[in-house]
Amino acid sequence: MKQSAPTIAISDDVLTCIGRLSPRAGTQVSNFIKKFREDPQSPGLNYERIANASDSRFRSVRINRDLRGIVLKPDGGNIHLLLWVDSHDEAYAWAVRSKARVHPDTGALQVYSTMSRKAQTPSTEATPETPALFRNYSDRKLCRLGVPADLLPTVRSIRSEAELWNCKDNLPGDAMDSLELLEAGFQYDEVVRDLEISGTGKGFKSNDFAGSLKTDHSKRKYWVVDNEDELQRMLDSPLEKWRVFLHPTQRSLVERDWNGPVRVLGGPGTGKTVAAMHRARWLARNWLRHDNERILFTTYTTNLAADIESSLKSFCDSPTLQRI
């Protein structure tokens, strides 16, 4: 039986890593990613097991003499996930302290660190008598919001906003979003609604990475590479992650068939323009049926229209752009 083509996914953390490198090293990483996409099991990638890695599925791959990538290769299926890029020692240290799990309730692919000493440092705002921030929420409710079960004790120990922020680098992004809203005073049901959290008890399997990558919460952080041109555009400007990764609330606006006009409200910096640009691209690709049909994207100043047009050029192919 012919084996299916491999599914290659890249974490947004990899783009952040590329942005920290020198231009020459960044080019080497980009070339590696293209080679990785062509054949993720090529012997030339120098797969190595990592001693003491927290996940036995983590592998190190060689990018150059110093740089290493960390790849997750699930036990089943032809899926490969590039999670991290760093110097040899730092990449290995990341693999030792990091975990990869499919959350059983949300289906999100979560990669997170075991809690560091910094994250557990008490805040000067709190005293031993200060009540825990999330004392009124059961374990079940916190898990539904994306908190991993093994981090529940840490979340329950948080007693102030400062302590919550100390945990930011150790909690999965989707869980952190939920906890921030709770801390800010939002009601539990509001958080579930506003973050587009689906019903309880879906029972995602811990090894269902293929299913996880299809969820909106995973799409926020992991991009399945299926287009060479889009990959190149992404690697050319790795810090402009908005072109690939959308928050679930943005994606729910972008990829939906609305019945009539829609008004989207939000303060400055909440991603309205980004969602509108992705909406225009999605409509041009999926909704138009005839060659002479176009999407009209209008805004209130000529300069802003020019900025939006330039941004659209950075993540739309030519046929799509010609229809907007």
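In short, a report on the structure. Note that this is a predicted model, so its numbers are computed, not measured.

**What about the pattern of salt bridges?**
Right, so step 1: Scanning all chains against the criterion turns up 14 salt bridges.
Right, so step 2: For Lys-241, the salt bridge goes to Asp-12, with nearest N and O atoms at 3.9 Å. Within this pair, whereas Lys-241 is found in the loop between helix H12 (228-236) and helix H13 (248-254), its partner Asp-12 is found in helix H1 (residues 12-20), the two being separated by 229 residues in sequence.
Right, so step 3: On the accessibility criterion, Lys-241 (25% relative accessible area) is partly exposed.
Right, so step 4: Judged by relative accessible area, Asp-12 falls into the buried class, the value being 13%.
Right, so step 5: Across the salt bridge formed by Asp-317 and Arg-285, the nearest N and O atoms sit 3.7 Å from each other. Taken together, the residues Asp-317 in the loop between helix H15 (302-315) and helix H16 (318-321) and Arg-285 in helix H14 (residues 272-286) connect sequence positions 32 residues apart.
Right, so step 6: Judged by relative accessible area, Arg-285 falls into the partly exposed class, the value being 36%.
Right, so step 7: Put simply, Asp-12, Asp-13, Lys-221 and Lys-241 are held in one network by salt bridges that share partners.

**Regarding the nonpolar core**
Right, so step 1: Grouped together as the largest cluster of nonpolar side chains are 46 residues, with contacts concentrated most on Ile-33, Phe-58 and Leu-81.
Right, so step 2: Top element by residues in this core is strand S5 (residues 79-87). It accounts for six residues.
Right, so step 3: Judged by nonpolar contacts, the second largest core, of 23 residues, contains Leu-145, Leu-164, Leu-182 and Tyr-188.

**A look at the packing of aromatic side chains**
Right, so step 1: Under the definition given, this model contains five aromatic pairs.
Right, so step 2: Centroid distance Trp-84 to Trp-94: 5.3 Å. Interplanar angle 10°. Geometry classified as stacked. Of this pair, Trp-84 sits in strand S5 while Trp-94 sits in helix H3 (residues 88-97), and the two are 10 residues apart along the sequence.
Right, so step 3: Look at Trp-242 and Phe-315: their rings are 5.4 Å apart centre to centre, the planes differ by 75°, and that puts the pair in the edge-to-face class. One end of the pair, Trp-242, is in the loop between H12 and H13; the other, Phe-315, is in helix H15, and 73 residues separate them in sequence.

**Structural notes on the packing of helix H2 (residues 23-38) against H12**
Right, so step 1: Two elements in contact, H2 and H12, have axes whose closest approach is 11 Å; the angle formed by their N-to-C orientations is 160°. In terms of orientation, H2 lies roughly antiparallel with respect to H12. H12 is crossed by H2, and the crossing has right-handed handedness. For the pair formed by H2 and H12, the contact residues are Ser-30, Ile-33, Lys-34 and Arg-37 on the first element and Glu-228, Leu-231, Gln-232 and Leu-235 on the second.
Right, so step 2: Class assignment for the residues of the contact of H2 with H12 results in three nonpolar, two polar and three charged.

Conventions we followed
Residues numbered from 1 in each chain as written. Predicted model: local features only at pLDDT ≥ 70, side-chain atom pairs only at ≥ 80, totals over all residues. Heavy atoms only, no water. Salt bridge = Lys/Arg side-chain N within 4 Å of Asp/Glu carboxyl O. Helix = DSSP H or I, 4+ residues; strand = E, 2+ residues; numbered from the N terminus. Buried < 20%, exposed > 50% of the residue type's maximum accessible area, 1.4 Å probe, protein only. Core = buried A, V, L, I, M, F, W, Y, C linked by side-chain atoms within 4.5 Å. Phe/Tyr/Trp six-rings, centres within 6.5 Å; stacked < 30°, edge-to-face > 60°. Axes fitted to C-alpha atoms, helices over the stretch in contact; angles between N-to-C directions. Parallel < 35°, antiparallel > 145°, perpendicular 65-115°, else oblique. Left-handed = near helix turned anticlockwise from the far one by under 90°. Contact = heavy atoms within 4.5 Å. Nonpolar A, V, L, I, M, F, W, Y, C, P; charged D, E, K, R; others polar.

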